[in-house]
Amino acid sequence: MVVSYIGISSLNCSCFPPRLCFAKRKQSAVSAAMSDDPISDWILSEGNATQITRTSPIGGGCINNARRYDTDAGSFFVKTNRGIGPSMFEGEALGLGAMYETRTIRVPRPFKVGPLPTGGSYIIMEFINFGASRGNQSVLGRKLAEMHKAGKSEQGFGFDVDNTIGSTPQINSWTSDWIEFYGKHRLGYQLKLILDQYGDSTIYQKGKRLVKNMAPLFQNIVIEPCLLHGDLWSGNISSDKNGEPVILDPACYYGHNEAEFGMSWCAGFGGSFYNAYFEVMPKQPGFEKRREIYLLYHYLNHYNLFGSSYRSSAMSIIDDYLLMLGA
């Protein structure tokens, strides 16, 4: 069975089945581009198509609408958002482009981002026919490690633009020190959002103590800025019709490669995945002690996105680390 490309938004990254939003399923034949339709304009010019034969809605996340455009030059996948300008899709396109350029794991190739004439924005990208499964775990682990190994930055930790993790802003200001970057732009930023949104001073104060005292977790290791997908959970992992792994809907930045496993509690990575990964990117001392510091970022984000049901998981990690570090 072949499953069409579905653009599942990274907002739906809880381990529970995502609540999907479906557009009304109408199909239309479009024979010519209209001047007020920049999507069709691009497809019929730079997309090298002469005719759009059909457009059809695709089930996706609740942030964006998704459609498939079938043409005589092949199919395109298009996401639109009527309420947000192009900056969100620009961040996605830059991330997809950076991963695509590593020539390692397959990602949808981005083609065009722009504003909609009535407000909002769009992104046009490669349409990928998905296979019936998420593919081979060993191949996924090896390909992901190859991407981390190939995607390097000379500017330090961060990314060229800020982007989003789900609908939460993700600050990617370039920073030379990983501990500073992760403490300020990942954990610290999420903790401040929790304080502002929920007034939860307890988790804020304890979390800030952890940030101040977490440096011993990173002793005696080399941390290079690697290109990360940034939001690697099961809904953002699939395979193409040939069984090759595909990853999508990124929240990219350059960071410590171990941070890629921060959504492992919701990704289903097994032993074969990690064995294959560490054959390419060897495990560094203290990996097991650091694992939950990277889970914490995503639990805090889930607290911000979905509410206090994720508070206890985040607090448990913080308390365990404070005890371990004697902080």
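Here the residue numbers are simple positions, counted from 1 along each chain's written sequence. Owing to the predicted nature of the model, reporting of local features is limited to residues with pLDDT of at least 70; listing and counting of side-chain atom pairs is limited to 80 or more, with chain, interface and lining totals taken over all residues. The basis for every side-chain value is the complete set of heavy atoms in the structure, and neither hydrogens nor water enter the calculation.

As annotated in an unreviewed UniProt entry, the protein carries the name Protein-ribulosamine 3-kinase, chloroplastic and comes from Salix viminalis. UniProt lists a comment for the protein under the heading Subcellular location (unreviewed entry), and it reads "Plastid, Chloroplast". UniProt positions are given in the numbering used here, feature names are shortened, and annotations may be inferred rather than shown by experiment. Database annotation for the protein, UniProt heading Sequence similarities (unreviewed entry): "Belongs to the fructosamine kinase family."

**Student:** Sorry, what's going on with the pairing of strand E4 (residues 74-81) here?
**Tutor:** On a regular strand, one side chain projects to one face of the sheet and the next to the other, so that they alternate. The buried fraction of E4 amounts to six of the eight residues, a majority that puts the element mostly inside the structure. As defined by bridge partners, strand E3 (residues 65-71) adjoins E4 across seven bridges and the pair is classed as antiparallel. By the bridge assignment, Ala 66 is partnered in E4 with Lys 79. Between any two strands, at least two bridges found by DSSP are needed for them to pair. A run of H or I in DSSP becomes a helix once it reaches four residues, and a run of E becomes a strand once it reaches two; helices and strands are each numbered from the N terminus. What sits between the antiparallel neighbours E3 and E4 is a turn of two residues. For E4 and strand E6 (residues 121-126), the ladder comprises six bridges, and the chain directions are antiparallel. Residue pairing across strands places Thr 80 opposite Tyr 122, the latter belonging to E6. Burial classes: relative accessible area under 20% of the type maximum marks a residue as buried, over 50% as exposed, and values in between as partly exposed (1.4 Å probe, protein chains only).

**Student:** Just to check I follow, could you spell out the side chain of Thr 175 for this structure?
**Tutor:** By the secondary structure assignment, Thr 175 is in the loop between strand E8 (168-170) and helix H4 (178-198). Among the polar contacts made by the side chain of Thr 175, one reaches the main-chain carbonyl oxygen of Ser 173 at a distance of 3.0 Å. Setting aside anything within four residues of it in sequence, one finds Thr 175 in contact with Gly 156, Phe 157, Glu 180, Phe 181 and His 185. N or O atoms closer than or at 3.5 Å make up a polar contact, with two conditions inside protein: a donor-capable atom paired with an acceptor-capable one, and, for residues adjacent in sequence, both atoms drawn from side chains. For this analysis, residues touch if any pair of their heavy atoms sits within 4.5 Å.

**Student:** Any chance you could explain the packing of aromatic side chains here in plain terms?
**Tutor:** The geometry of an aromatic ring pair is captured by the separation of the ring centres together with the interplanar angle, meaning the angle of the planes. For this analysis, a ring pair means two rings from Phe, Tyr or Trp (six-membered ring only for Trp) whose centres lie within 6.5 Å, classed as stacked if their planes differ by under 30 degrees, edge-to-face if by over 60, and tilted for the remaining angles. Under the criterion given, the structure shown has 29 aromatic pairs. Judged by centre distance (6.0 Å) and plane angle (70°), the ring pair of Phe 76 and Phe 111 falls under edge-to-face. Of the two residues, Phe 76 is situated in strand E4 and Phe 111 in strand E5 (residues 110-115); the sequence distance between them amounts to 35 residues. Seen in terms of ring centroids, Phe 269 and Tyr 274 are 6.1 Å apart; in terms of plane orientation they differ by 90°. Their pairing is edge-to-face. Overall, Phe 269 belongs to the buried group, its relative accessible area being 12%. An aromatic cluster is present here, built from Phe 157, Trp 178, Phe 181, Tyr 182, Phe 218, Tyr 253 and Tyr 294 joined pairwise through their rings. The criterion is that NZ of a Lys, or CZ of an Arg, lies within 6 Å of the ring centre and within 35 degrees of the ring normal, and then a charge sits over that ring. One cation-aromatic arrangement involves Arg 186 over Tyr 253; the distance from NZ or CZ to the ring centre is 4.1 Å. Over the ring of Tyr 274 we find Arg 291, and its NZ or CZ is 5.1 Å from the ring centre.

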